[in-house]
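# Reading the structure
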Amino acid sequence: MDYTLFDGTLIDLSDIYEISEIRDYGEDDNTIDESTLSFTIRLKNGKSIHISKNYHYNDWFEMYKELKKIRQDISNKWNQSKSVTI
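Residues numbered from 1 in each chain as written. Predicted model: local features only at pLDDT ≥ 70, side-chain atom pairs only at ≥ 80, totals over all residues. Heavy atoms only, no water.

### Examining the packing of aromatic side chains
The criterion, for reference: Classification of ring pairs uses Phe, Tyr and Trp, with its six-membered ring standing for Trp, and accepts pairs whose centres are within 6.5 Å; under 30 degrees between planes counts as stacked, over 60 as edge-to-face, and the remaining range as tilted. Working definition: helices are DSSP H or I runs of at least four residues, strands are E runs of at least two. Numbering for both runs from the N terminus. For the exposure calls, accessible area comes from a 1.4 Å probe over protein chains only, and a residue counts as buried if that area is under 20% of its type's maximum, exposed if over 50%, partly exposed in between.
One pass over the structure, following the stated rule, counts one aromatic pair. Where tryptophan 60 meets tyrosine 64, the ring centres are 5.0 Å apart and the plane angle is 10°; that geometry is what we call stacked. Pair noted here: tryptophan 60 and tyrosine 64 are both in helix H1 (residues 60-85), with a separation of four residues, about one helical turn. According to the relative accessible area criterion, tryptophan 60 is partly exposed, its value standing at 32%. Exposure remark for tyrosine 64: the relative accessible area of 26% places this residue in the partly exposed category.

### Points about the pattern of salt bridges
How we decide: Salt bridge, as applied in this entry: a Lys or Arg side-chain nitrogen positioned within 4 Å of an Asp or Glu carboxyl oxygen.
For the coordinates displayed, the defined rule picks out five salt bridges. Here arginine 71 ties to glutamate 21 by a salt bridge, and the two come within 3.4 Å at their closest N and O atoms. Placement of arginine 71 in helix H1 and of glutamate 21 in the loop between strand E3 (16-19) and strand E4 (23-27) is noted, with a sequence separation of 50 residues between them. The class for arginine 71 is buried, based on a relative accessible area of 15%. When its relative accessible area of 53% is taken as the criterion, glutamate 21 is described as exposed. Close ionic contact of glutamate 62 with lysine 65 constitutes a salt bridge, the shortest N to O distance being 3.7 Å. With glutamate 62 and lysine 65 both in helix H1, this residue pair falls three residues apart, about one helical turn. The class of glutamate 62 is partly exposed, set by a relative accessible area of 45%.

This is the structure in structure tokens:
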């Protein structure tokens, strides 16, 4: 089963090995006054997909909720796909 990320990236759920927790990486060196929240999807072939959101300090909670929702949706669908193939 495939999953389409908000940027259009397509992930085959059967290729997922692990989904990391959400981490706050602090200030992004490539932006002014923005920080980065991110989690990583590790694939069985050794590659990784990083899902990130930039935020200003006062938008942290909203970006965290948005990223958490995306992570939870991927995780739920991944777990469903594992139970279907077993």
